Amino acid sequence: MTDSLLGLRGLTVAATVGWIFWSLTESMGLHALFALAGFLVTYPVLSRGVREIGPLLTRLAIGVLPVAAVVLLATVGAMLDLVRDPGPRPWIGEAITSALFVRNWWSGSQAAVGSLPTSATAFQQFWALSTLVQLTLVWLAMLAAVVRLARPARWTLLLAGTLASGSLLYAGLTDQDYFDPASRAWMFLLGCLLAAALFAVPRLSTAPVAVGWVGLVSLLASILLAPPGHPSGGLYAVWAVASLLLVILGCRPEARYSVAVALRLPPLRYLGRLGYGWYLWAWPVLAFAPPILGVAEPGLLNKYQVLGFSLLLAAITYHLLQWPFALLDRGRATRWFGYAGLGILQAGALLMCVTLPEGQPLPPPPKKITPDYIAMVTDPSHPGAVSRMPGYTYKGNPEPQLIPGKEDLGKDWVRADGDTCGKPERNPDVVVCTSPVNGTPAKRVVMIGDSHMQQFSTAFRRVARERNWQFNTMLKGSCPFSVRSETRPGYQACLDWNAAAAREIIAMRPDVVITLGSRNVRPGLTEVTPPGFVEQWQALDRAGIRILGVRDSPRYGFDVPDCVRRNSAAAEQCGAPLRSVYAEQPPYLTVPGVPASARFLDMSSLLCAADRCTPTVGNVLMYMDDNHLTRTFTETLYPWLREHLPPLIESPRTRR
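Remember, it's a predicted structure, so these values are computed and weren't measured experimentally. (Residues numbered from 1 in each chain as written. Predicted model: local features only at pLDDT ≥ 70, side-chain atom pairs only at ≥ 80, totals over all residues. Heavy atoms only, no water.)

1. Some details on the overall build of the chain
Stage number 1. A count of helices and strands for the chain gives 24 helices and eleven strands.
Stage number 2. With 656 residues in all, the chain has 56% of them scored as buried.
Stage number 3. Here the contacts in the chain between residues at least 6 apart in sequence split such that 79% fall between residues at least 24 apart.
Stage number 4. For the chain, the exposed area adds up to about 27400 Å²; of that, 61% sits on carbon and sulfur atoms. (Helix = DSSP H or I, 4+ residues; strand = E, 2+ residues; numbered from the N terminus. Buried < 20%, exposed > 50% of the residue type's maximum accessible area, 1.4 Å probe, protein only. Contact = heavy atoms within 4.5 Å. Areas by Shrake-Rupley, 256 points an atom, 1.4 Å probe, with all protein chains shown as cover.)

2. A look at the pattern of salt bridges
Stage number 1. With the rule as written, the count across this model stands at 14 salt bridges.
Stage number 2. Linked through salt bridges whose partners overlap, the residues forming this network are Arg 48, Glu 52 and Arg 59. (Salt bridge = Lys/Arg side-chain N within 4 Å of Asp/Glu carboxyl O.)

3. Description of the packing of helix 17 (residues 451-467) against helix 24 (residues 638-650)
Stage number 1. It is the contact of helix 17 with helix 24, at a shortest axis distance of 9 Å, that shows an interaxial angle of 65°. In this structure, helix 17 meets helix 24 at a crossing whose hand is right-handed. Here helix 17 contributes Ala 459, Phe 460, Arg 462, Val 463, Glu 466 and Arg 467 to the contact with helix 24, which in turn contributes Tyr 638, Leu 641, Arg 642, Leu 645, Pro 646 and Glu 650.
Stage number 2. For the contact of helix 17 with helix 24, the class distribution of residues is seven nonpolar, no polar and five charged. (Axes fitted to C-alpha atoms, helices over the stretch in contact; angles between N-to-C directions. Left-handed = near helix turned anticlockwise from the far one by under 90°. Nonpolar A, V, L, I, M, F, W, Y, C, P; charged D, E, K, R; others polar.)

4. Regarding the pairing of strand 3 (residues 444-449)
Stage number 1. Across the six residues of strand 3, six count as buried, placing the element largely inside the fold.
Stage number 2. Burial of the side chains of strand 3 extends over both faces: Arg 444, Val 446 and Ile 448 are buried on one face and Val 445, Met 447 and Gly 449 on the other.
Stage number 3. With six bridges connecting them, strand 3 and strand 4 (residues 470-475) associate as parallel partners. Note on strand 4: the bridge partner recorded for Val 445 is Phe 471.
Stage number 4. Crossover strand 3 to strand 4 through helix 17 is right-handed. (Pairing = 2+ DSSP bridges. Right-handed = clockwise from strand over helix to strand, strands pointing away.)

5. What about helix 10 (residues 209-225)?
Count 3.6 residues to each turn of an α-helix, and residues three or four apart come out pointing the same way.
Stage number 1. With 17 residues, helix 10 extends 25 Å between its outermost C-alpha atoms, agreeing within 8% with the 24 Å of an ideal straight helix rising 1.5 Å per residue.
Stage number 2. All of the buried residues in helix 10 are Gly 212, Gly 215, Leu 216, Ser 218, Leu 219 and Ser 222. (Expected span 1.5 Å × (residues − 1).)

6. Some thoughts on the packing of aromatic side chains
Stage number 1. Tallying each qualifying case throughout the model produces seven aromatic pairs.
Stage number 2. Between Tyr 588 and Phe 600, the aromatic rings sit 4.0 Å apart at their centres with planes inclined by 5°, giving stacked as the arrangement. Taken together, the residues span a long stretch of sequence, with Tyr 588 in the loop between helix 21 (578-581) and strand 8 (599-601) and Phe 600 in strand 8 at a distance of twelve residues.
Stage number 3. Classification of Phe 600 as buried rests on a relative accessible area of 15%.
Stage number 4. An aromatic cluster of three or more residues is present, and its members are Phe 533, Trp 537, Tyr 588 and Phe 600.
Stage number 5. Against the face of Tyr 638 rests Arg 462, its NZ or CZ located 3.9 Å from the ring centre. (Phe/Tyr/Trp six-rings, centres within 6.5 Å; stacked < 30°, edge-to-face > 60°. Lys NZ or Arg CZ within 6 Å of the ring centre and 35° of its normal.)

7. Overview of unusual backbone geometry
When glycine is set aside, most residues are seen to have a negative phi, and most peptide bonds are trans.
Stage number 1. In this structure, the amide linkage connecting Ile 403 to the following residue, Pro 404, adopts the cis form with an omega of -5°.
Stage number 2. Checked against the element boundaries, Pro 404 lands in the loop between helix 16 (371-376) and strand 1 (420-422).
Stage number 3. Its identity as a non-glycine residue notwithstanding, Ser 478 has a phi of 60°, on the positive side.
Stage number 4. Relative to the elements of secondary structure, Ser 478 occurs in the loop between strand 4 and helix 18 (492-508).

8. What about the packing of helix 2 (residues 28-48) against helix 9 (residues 181-200)?
Stage number 1. Here helix 2 crosses helix 9 at 40°, and the two axes come no closer than 7 Å. For the element pair helix 2 and helix 9, the recorded crossing hand is right-handed. Where helix 2 abuts helix 9, its residues His 31, Phe 34, Ala 35, Ala 37, Gly 38, Phe 39, Thr 42, Tyr 43, Leu 46 and Ser 47 lie against Arg 184, Met 187, Phe 188, Gly 191, Cys 192, Leu 194, Ala 195, Ala 196, Leu 198 and Phe 199.
Stage number 2. Taken together, the residues of the contact of helix 2 with helix 9 break down into 14 nonpolar, five polar and one charged.

9. Focus: the confidence of the model for the chain
Stage number 1. For the chain, mean pLDDT is 81; residues scoring 70 or higher make up 82% of the total.
Stage number 2. The element-level mean pLDDT for the chain is lowest in helix 16, coming to 32, with strand 5 (residues 512-516) highest at 97.
Stage number 3. Segment residues 84-88: pLDDT under 50, and four contacts once partners within four positions in sequence are set aside and those in other chains are kept.
Stage number 4. A low-confidence stretch, residues 111-120 stays under pLDDT 50, and its non-local contacts, those more than four residues away or across chains, total 44 contacts. (pLDDT = per-residue confidence, 0-100.)

10. Thoughts on the sheet that holds strand 2 (residues 432-434)
Note on sheets: strands pair through backbone hydrogen bonds, and any given pair is parallel or antiparallel.
Stage number 1. Read across the sheet, seven strands follow the order 1-2-4-3-5-6-8 without closing on themselves; strand pairing throughout is mixed. The open sheet has two edge strands, strand 1 and strand 8, and neither has a second partner. With strand direction ignored, the average angle separating the axes of adjacent strands in the sheet is 20°.
Stage number 2. Strand direction decides the pairing type here: strand 3 and strand 5, joined by three bridges, are parallel. The partner of Val 446 across the bridge, within strand 5, is Val 513.
Stage number 3. Contacts from helix 19 (residues 531-542) reach strand 5, strand 6 (546-550) and strand 8, with the element oriented near 180° to strand 5.

Quick look at the structure:
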């Protein structure tokens, strides 16, 4: 059965790597790999007894540690060369915890407080590997006790079944399950359970060959048809794992028409040998492809090139590293290498778990307005958005005029005053405006998008100058930052501009890109985060660039200033009920594929009151027309942004 299982591993690894390159959603192949690992760990121990645990640990240490070390060193070298961050390097924590095989615990602790770096993509593979190593060590410790009992197969069957049931129940009840080994253990344990069942119920080993073929077809179907969604696969994961178990059950090498015939094909067996290295190399190669190739998103040809390159690295690693190290195990002369290596590894892991920082949560919004909020507003009669902040008290004219006036509306566009604007040689189709800084900028920020981002930019620019950030803008009317034409079909000029802008951003390598997080906020709850937005974010995320999405401002089907002039600022027909415009939950929180590192800024509480979106706020007219905010109003967003924006920009690369 050994050759057949090697081919099965090749198939599941290929499915997992394919997921990495093409969908970036949860992989059914990865779930199947967990179950296969459980079977491969348990079967030889039940077959040969407790004396097999030492040699098994030796093979695991020799097979895992050298390749992981090489991939980690290469990834760290690439990070030092390509990620030019003048500040702290939060990815160093990722590298250390990956080396100690506690990457899943670190990721879970950081995700819980919203501070996981975007560079996680380059080290992403180590959370799964860490989980698998931990499950293997804990299970072998339990198995060492069980196999000493009478009828060890039955006791193992009972133990694996009980633990798998508990893990499944836990995974279904908890929301924080992505990095938690307890919620992933059931996949591994079902493989252990099948291995025990083959010994406890001998008749299972003579299952009809059709079972294997049904399992193989079902496994391929689960890999190809499972949609993105549940963070740990949900019922589709159960489908994939159950299918893999059927394949193993029906894999009878002695049968002429068994599924083993297909699994023993040389290409699959070779992929099985390269699989571990291929999985480890795929993530960093894909993460660094965009900046190296100079593209925002690798095209189909680029992906095949990157896929082939990662496979080449896996082959080199196997023939020059894995195979020579495997020779050390001949004669079992180094059986204690496994105990020593993994013992040191887990001692370090235990120390890391005890001392691991929990991450620094973002500071909460201020519960009470501070005195300098009012001082920042030059005209107390026109506080604008400040009037909707907690603790505000109006101290202006009892009978103020509404600003801006009719004659000023046409001039109320935001301008890049004081910025230096020009067309970069690399992408001359894009105009980049850069704010002045004193010496070395504390952070480098790019704001990109359409005219809505242009109007928002005035308050962001003011915060940037105060914090000595280099603030860059790339703006084009009716062209939000996307890989598709969002405003009208076939708007080729927008598509070309966005592609050029994305290339320029990757070449610039800023700390954060600020862009629209949603669009089409209209009465009728039409707000959406388009897939094209998400694809652009994924491309920048893989390049190690953070995204800050800004929730869009409402749009109306009428001229707001004209409505106010004809009626009044308080007229019902000049606004809209809050819940007819904004849903309680922004769409970017539920749309699939949003990078885990993306953060979002929701200013809807400043744009609308508690129950209604009005045309004016704080004696300031909010709209120039039916959808563009006035510069006069957006300047009043500055006091709120002064408190809420810096933590999102200056904190370590963060998870939502």
